[in-house]
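Next come the chains, spelled out residue by residue.
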Amino acid sequence: MKFFVDTAEVSEIRELAATGLLDGVTTNPSLVAKSGKQFLDLIAEICDVVDGPVSAEVTATDAETMLKEGEKLAKIAPNVCVKLPLTKDGLFVCKRLTGQGIKTNVTLCFSPAQAILAAKAGATFVSPFVGRLDDIGADGMGLIAEIVEIYQNYDYFTTEVLVASVRGPAHVVSAARLGAHVVTAPASVIKSLLNHPLTDKGLAAFVADWKKTGQSIL
Ligand code: G3P
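Keep in mind the model is a prediction, meaning the values are calculated, not measured. Per chain, residue numbering runs from 1 following the sequence as it is written. Totals for whole chains, interfaces and linings use every residue, but because this is a predicted model, local features are given only for residues with pLDDT of at least 70 and side-chain atom pairs only at 80 or more, for both listing and counting. Side-chain metrics rest on all non-hydrogen atoms present in the structure, leaving aside hydrogens and water.

Asker: Would you take a moment to explain helix α1 (residues 10–17) for this structure?
Answerer: Burial classification: accessible surface area is computed with a 1.4 Å probe over protein chains only, and a residue below 20% of its type maximum counts as buried, one above 50% as exposed, and the rest as partly exposed. Here a helix means four or more residues in a row that DSSP labels H or I, a strand means two or more in a row labelled E, and each is numbered from the N terminus. All of the buried residues along α1 are Val10, Ile13 and Leu16. All buried residues of α1 project into a common sector of 130° when viewed along the axis, lining one side. It is the directions from the helix axis to the C-beta atoms that the arc portrays.

What follows is the structure, encoded as structure tokens:
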């Protein structure tokens with residue numbers, strides 16, 4: 001399973017990249033606005049830090065402008081993945097960019113029917129938003145299960161399921177159990193995967209007992 005961090009904060013990306021466990025980055029216009037940085041410079045900076053796919057989202061909603069934006073974003077670095085909304089125009093542009101060998105991430109997916117269309121448009125990734133579905137009382141992980149099942153029925157669907165809008169470790173574990181290819185999560189969620197009080201307690205006891213032996217490995 002691949003881990004992407006869902007942030008536009010370069011310090012967070014650097015910290016996670018240094019662990020060697022980070023496979024990519026996703027951003028969106030809201031995260032970019034929060035960073036206060038110039039979008040194109042920011043994407044270039046992130047692409048310098050991470051070798052894996054870096055999702056950069058178009059901001060237009062019409063096909064012609066989205067295509068131009070996507071082509072411009074893709075020129076920033078070879079690992080840019082152009083993020084497009086799951087609309088008729090977004091899917092049209094997805095197919096065009098895919099045809100040019102550009103990586104794509106079709107975002108704002110909330111139904112299995114939409115995910116089928118993203119796969120047919122040749123998206124590299126489809127991003128179903130589990131947290132936002134849970135927020136309205138729907139079943140976010142149920143959607144992931146349906147998409148994974150559908151994609152497994154067709155060898156020629158190469159689109160990877162990128163679980164987005166992740167709120168906590170339980171979402172990550174459920175996504176892994178279902179066989180989703182990627183999760184993108186805030187840095188805080190990725191870091192929280194490490195935590196278990198019994199690990200801390202057990203390590204403290206091992207360290208204390210080892211000290212009593214008076215020995216040293218080195
Ligand atoms: O980047 C897309 C998605 O992960 C956004 O998550 O928390 O704003 O619903 P959220």
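Further notes follow.
Asker: Just to check I follow, could you spell out the pattern of salt bridges for this structure?
Answerer: Pairs can form between side chains of opposite charge whenever their charged atoms are close. Each reported salt bridge corresponds to a side-chain nitrogen of Lys or Arg within 4 Å of a carboxyl oxygen of Asp or Glu. Tallying each qualifying case throughout the model produces seven salt bridges. Two residues, Glu64 and Lys68, come together in a salt bridge whose shortest N-O distance is 3.7 Å. Here Glu64 and its partner Lys68 are both found in helix α4 (residues 63–74), four residues apart, which amounts to about one turn of the helix. Here Glu64 and Lys68 have matching classes, each one exposed. Residues Asp135 and Arg167 are paired through a salt bridge, measuring 2.6 Å at the closest nitrogen-oxygen approach.

Asker: Can you walk me through helix α8 (residues 140–152) in this structure?
Answerer: Side chains three or four residues apart in an α-helix point the same way, a direct result of the helix having 3.6 residues per turn. A helix's residues, less one, multiplied by 1.5 Å, set its expected span. Here α8 spans 19 Å end to end across 13 residues, near enough to the 18 Å set by a 1.5 Å rise per residue. What α8 keeps buried is the set Gly140, Met141, Gly142, Leu143, Ile144, Ile147, Val148, Ile150 and Tyr151.

Asker: Sorry if this is basic, but what is going on with the site of the ligand here?
Answerer: We call a residue near a given molecule or strand whenever any one of its heavy atoms falls within 4 Å of it. All residues adjacent to the ligand are Asp6, Asn28, Lys83, Phe129, Arg132, Ala164, Ser165 and Arg167. Pairing of N or O atoms within 3.5 Å defines a polar contact, subject to two protein rules: one partner must be a possible hydrogen donor and the other a possible acceptor, and residues neighboring in sequence count only if both atoms are side-chain atoms. Between an oxygen atom of the ligand and a side-chain N or O atom of Asp6, the distance comes to 2.6 Å. Asn28 is positioned with one of its side-chain polar atoms (N or O) 3.0 Å from an oxygen atom of the ligand. When the free accessible area of the ligand is taken as 310 Å², the share hidden by the protein chains comes to 81%. Any residue that is not Ala, Val, Leu, Ile, Met, Phe, Trp, Tyr, Cys, Pro, Asp, Glu, Lys or Arg is counted as polar, Gly included; the first ten are nonpolar and the last four charged. In terms of residue class, the shell around the ligand is made up of two nonpolar, two polar and four charged. Only the protein chains shown count as cover for residues, and the accessible areas themselves come from Shrake-Rupley with a 1.4 Å probe.

Asker: Could you clarify how one ought to interpret the side chain of Ser165 in this entry?
Answerer: Along the chain, Ser165 turns up in the loop between β7 (160–163) and α9 (169–178). A polar side-chain atom of Ser165 sits 3.1 Å from the main-chain amide nitrogen of Arg132. A polar atom in the side chain of Ser165 sits 3.3 Å from the side chain of Arg167. Whether two residues are in contact is decided by their heavy atoms, any of which lying within 4.5 Å being enough. Apart from residues lying up to four places away in sequence, Ser165 is in contact with Phe129, Val130, Gly131, Arg132, His171 and Thr184.

Asker: What is the right way to read the packing of aromatic side chains from this model?
Answerer: Each aromatic ring pair is specified by the distance between its two centres and by the angle formed by the two planes. Each Phe, Tyr or Trp ring, with Trp reduced to its six-membered ring, pairs with another whose centre is within 6.5 Å; inter-plane angles below 30 degrees give stacked pairs, above 60 give edge-to-face pairs, and intermediate values give tilted ones. The final tally for this structure, using the stated rule, is six aromatic pairs. Geometrically, the ring pair formed by Phe4 and Phe125 is edge-to-face, given 5.6 Å between the ring centres and 80° between the ring planes. Within this pair, whereas Phe4 is found in strand β1 (residues 2–6), its partner Phe125 is found in strand β6 (residues 125–128), the two being separated by 121 residues in sequence. The class for Phe4 is buried, based on a relative accessible area of 1%. Put simply, the rings of Tyr151, Tyr154, Tyr156 and Phe157 touch in pairs and so form one group of aromatic residues.

Asker: I would appreciate a short explanation of the environment of Val182 in the present structure.
Answerer: In this fold, Val182 is placed in strand β8 (residues 182–185). Judged by its relative accessible area of 0%, Val182 is buried. Separated by 19 residues in the primary sequence, Val182 and Val163 have C-alpha atoms spaced 6.1 Å apart.

Asker: I tried to follow a negative patch on the surface on my own but got confused; where do I start?
Answerer: Each patch is built from residues lacking any salt bridge and having more than 30% relative accessible area; the joining distance is 9 Å for like charges and 5 Å for nonpolar side chains (Val, Leu, Ile, Met, Phe, Trp, Tyr). The charge count includes Lys and Arg as positive and Asp and Glu as negative, but it does not include His or the ends of the chains. One atom stands in for each charge, and that atom is NZ of Lys, CZ of Arg, CG of Asp or CD of Glu. Among the surface-exposed residues, Asp134, Asp139, Glu146 and Glu149 lie close enough to one another that they form a single negatively charged patch. Locating Asp139 in the fold gives a position in the loop between α7 (130–135) and α8.

Asker: Please explain the sheet that holds β1 as it appears in this structure.
Answerer: What holds strands together in a sheet is hydrogen bonding between their backbones, with the strands either parallel or antiparallel. The sheet built from eight strands closes into a barrel, its strands ordered β1-β2-β3-β4-β5-β6-β7-β8 with parallel pairing. Going from strand to strand, the sheet's axes swing by 30° on average, the running direction of each strand aside. Relative to the sheet, α4 contacts β3 (54–57) and β4 (80–85), its axis offset from that of β4 by approximately 160°. A pair of strands is considered paired only if DSSP assigns at least 2 bridges between the two. Here an axis means a line fitted to C-alpha atoms, over the contact stretch when the element is a helix, while the angle between two N-to-C directions is reported on a 0 to 180 degree scale.

Asker: What exactly am I supposed to notice about the packing of α8 against α9 here?
Answerer: How two helices pack is summed up by the angle between their axes together with the distance between the axes. Between α8 and α9, whose axes approach to 10 Å, the crossing angle comes to 20°. Considering the angle they form, α8 stands roughly parallel to α9. In the packing of α8 onto α9, the handedness of the crossing is right-handed. In contact with Met141, Ile144, Ala145 and Val148 of α8, α9 contributes His171, Ser174, Ala175 and Leu178. Across the contact of α8 with α9, the residue classes break down as six nonpolar, two polar and no charged. Angles below 35 degrees are treated as roughly parallel, those above 145 as roughly antiparallel, those between 65 and 115 as roughly perpendicular, and all remaining angles as oblique. For any helix crossing, the convention is left-handed if the near helix is rotated counterclockwise from the far helix by under a right angle, and right-handed if that rotation is clockwise.

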